[in-house]
Number of protein chains: 2
Amino acid sequence: MSDEKLKLSNQGCFRLYTAARLMIQAYQPWFAQLGITYTQYLVLMVLWEQDCLPLNAISRRLFLESNTITPLIKRMEAMKIVTRKKSKDDARQTIVALTEHGRAMKQQATAIPDCMSALLQEKGLDGETFATIIPTLDYMIEILFK
Amino acid sequence: MSDEKLKLSNQGCFRLYTAARLMIQAYQPWFAQLGITYTQYLVLMVLWEQDCLPLNAISRRLFLESNTITPLIKRMEAMKIVTRKKSKDDARQTIVALTEHGRAMKQQATAIPDCMSALLQEKGLDGETFATIIPTLDYMIEILFK
DNA sequence: ATATATTTAATCGTTCACGATGCAAATATA
DNA sequence: TATATTTGCATCGTGAACGATTAAATATAT
């Protein structure tokens with residue numbers, strides 16, 4: 001019955017959307033301490049892994065376009081977390097690099113993944129269970145990314 | 001090693017966040033036809049299931065606060081999809097009801113879940129596989145919702 | 001009955017997410 | 001080498017999300 005399919009309880013996407021939101025909310029206390037947002041944390045993780053990247057590299061890694069990332073990085077620049085400068089090689093590119101402060105934040109952030117795991121564990125969701133859904137999520141990302 | 005844990009590739013939350021975003025993007029063509037957004041679709045699904053609800057009932061169902069829902073519903077009111085009026089029983093409540101137009105949109109929307117399933121299927125993700133992650137997502141929502 | 005607490009929405013400010021568009025630099029093609 | 005196309009980023013406008021706060025109505029406790 002078509003009525004049945006339109007019920008909220010039958011919407012997988014709604015679960016995904018809600019779980020993601022609540023999970024990001026759960027991170028808030030740690031982000032608040034660092035004075036950053038979730039998306040800024042994602043950018044930092046990319047740069048902590050490899051510094052001095054053109055904006056499009058960050059963009060590809062996070063599946064976000066320049067219209068989202070450009071203002072985001074500018075805010076991070078204003079907070080002295082990163083610097084932005086034009087590439088010599090290709091004048092179209094904007095190279096994003098960590099400042100000393102941005103690099104130092106990594107130390108404070110190292111605890112976050114463990115804290116989050118502990119929080120979930122404590123509430124009854126163990127890492128193993130969570131891990132089981134990752135391959136499906138990855139597959140979804142792969143097929144849905146145009 | 002703490003470095004390892006801060007890698008984007010090890011972040012379950014990032015998968016969740018990205019999969020949700022891309023999934024919502026995949027819905028866009030259908031929403032565009034209806035002239036609504038994903039969150040408005042969620043509100044409509046709640047009201048199609050049960051009409052004339054106070055804002056807080058919609059709020060609880062979607063795990064969203066009034067600061068998100070109030071402006072959203074107002075936009076839907078401006079589009080003549082719903083009406084808003086104060087409750088007689090409890091003057092604090094705002095009762096949200098579908099207009100004739102809002103009710104009629106349900107017919108156009110009935111195809112959406114099937115179209116989405118077909119799209120995923122076509123790209124190689126069958127319903128069964130997606131269904132396997134639902135219980136874990138539900139459990140996450142349950143434990144993370146304060 | 002009155003003071004206090006709780007509930008319900010709304011408002012405000014900030015950031016993200018994204019469609020559409022613009023523009024300049026780089027690259028491909030004629 | 002002139003022209004077309006692509007690429008990389010930025011800008012603009014709109015609509016979520018959400019923290020913080022406020023106002024009003026209702027519930028409760030004294």
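Residues numbered from 1 in each chain as written. Chains lettered and ligands numbered in written order. Predicted model: local features only at pLDDT ≥ 70, side-chain atom pairs only at ≥ 80, totals over all residues. Heavy atoms only, no water.

## Let's talk about the sheet that holds strand β3 (residues 94–98) of chain B
All names here are of chain B.
- Strands sit in the order β1-β3-β2 across an open sheet of three strands; the sheet is antiparallel. The sheet is open, and its two edges are formed by β1 (53–54) and β2 (82–86), each paired on a single side.
- Pairing of β2 with β3 involves five bridges; the strand directions are antiparallel. Counted as the bridge partner of Arg84 is Val96 from β3.
- Its contacts with the sheet put helix α3 (residues 38–49) on β1, β2 and β3, and the angle it makes with β3 is roughly 85°. (Pairing = 2+ DSSP bridges. Helix = DSSP H or I, 4+ residues; strand = E, 2+ residues; numbered from the N terminus. Contact = heavy atoms within 4.5 Å. Axes fitted to C-alpha atoms, helices over the stretch in contact; angles between N-to-C directions.)

## Considering the packing of helix α3 (residues 38–49) of chain A against helix α2 (residues 12–34) of chain B
- Taken N-terminus to C-terminus, the directions of α3(A) and α2(B) make an angle of 120°; their axes are 12 Å apart at the nearest point. It follows that α3(A) is oblique to α2(B) by the angle criterion. In the crossing of α3(A) with α2(B), the sense of the turn from one axis to the other is left-handed. In this structure, α3(A) uses Tyr38(A), Thr39(A) and Leu42(A) to contact α2(B), whose residues at the interface are Cys13(B), Phe14(B) and Tyr17(B).
- Tallied by class, the residues present in the contact of α3(A) with α2(B) amount to five nonpolar, one polar and no charged. (Parallel < 35°, antiparallel > 145°, perpendicular 65-115°, else oblique. Left-handed = near helix turned anticlockwise from the far one by under 90°. Nonpolar A, V, L, I, M, F, W, Y, C, P; charged D, E, K, R; others polar.)

## Regarding the packing of α3(A) against helix α6 (residues 100–109) of chain A
Residues and elements named next belong to chain A.
- Where α3 meets α6, the closest approach of the two axes is 10 Å, and the angle between their N-to-C directions is 105°. Viewed along their axes, α3 and α6 adopt a mutual orientation that is roughly perpendicular. Judged by residue contacts, Tyr41, Leu44 and Trp48 of α3 engage Gly102, Arg103, Met105, Lys106 and Ala109 from α6.
- For the contact of α3 with α6, the per-class residue count stands at five nonpolar, one polar and two charged.

## Some details on the protein's contact with DNA strand C
- Around DNA strand C lies a shell of 26 residues, among which Thr37(A), Leu72(A), Arg75(A), Gln25(B) and Lys74(B) are the nearest.
- Across the atoms of DNA strand C situated within 4 Å of the protein, the share located in sugar and phosphate is 70%.
- The contact in question runs from a phosphate oxygen of DNA strand C to an N or O atom on the side chain of Thr70(B), over 2.8 Å.
- Among the secondary structure elements, those contributing two or more residues to the surface near DNA strand C are α3 and α5 (66–78) of chain A together with α2, α4 (55–62) and α5 (66–78) of chain B. (Near = heavy atom within 4 Å. Polar contact = N/O pair within 3.5 Å; in protein donor to acceptor, adjacent residues only side chain to side chain.)

## A word on the protein's contact with DNA strand D
- The environment of DNA strand D is formed by 26 residues, the closest being Tyr17(A), Asn56(A), Thr70(A), Lys74(A) and Thr37(B).
- When atoms of DNA strand D within 4 Å of the protein are sorted by moiety, sugar and phosphate together comprise 70%.
- Take Lys74(A): an N or O atom from its side chain is 2.5 Å from a phosphate oxygen of DNA strand D.
- When contributions to the surface near DNA strand D are tallied by element, the ones reaching two or more residues are α2 (12–34), α4 (55–62) and α5 of chain A together with α3 and α5 of chain B.
- A breakdown of the residues in the surface near DNA strand D according to their chemical character gives six nonpolar, twelve polar and eight charged.

## Examining the interface of chain B and chain A
- Each side of the interface is counted separately: chain B has 58 residues, and chain A has 58 residues.
- With both sides pooled, the region where chain B packs onto chain A buries about 5800 Å², and carbon together with sulfur makes up 72% of that total.
- Among the residues of chain B in contact with chain A, Leu6(B), Leu8(B) and Leu144(B) are the three that bury the most area, contributing 12% of the side total.
- Connecting chain B to chain A are six salt bridges.
- In this structure, Asp114(A) and Lys5(B) form a salt bridge, with 2.8 Å as the shortest nitrogen-oxygen distance.
- Between chain B and chain A we count 17 residue pairs in polar contact (both at pLDDT 80 or more) in total.
- Among the elements of the structure, α1 (2–5), α2, α3, α4, α6 (100–109), α7 (111–122) and α8 (127–144) of chain B are those that each provide at least two residues to the side of chain B that touches chain A.
- Looking at the side of chain B that touches chain A, the element that brings in the most residues is α2(B), giving 16 residues. (Buried area = accessible area lost by both parts, 1.4 Å probe. Salt bridge = Lys/Arg side-chain N within 4 Å of Asp/Glu carboxyl O.)

## Here's the deal with the sheet that holds strand β1 (residues 53–54) of chain A
All names here are of chain A.
- Within the open sheet, the three strands sit side by side as β1-β3-β2. Their pairing is antiparallel. Unpaired on one side and paired on the other, β1 and β2 (82–86) mark the two borders of the sheet.
- Alignment of β1 against strand β3 (residues 94–98), held across two bridges, turns out to be antiparallel. For Leu53, the partnering residue across the bridge sits in β3 and is Val96.
- Lying over the sheet, α3 contacts β1, β2 and β3, oriented at roughly 85° with respect to β3.

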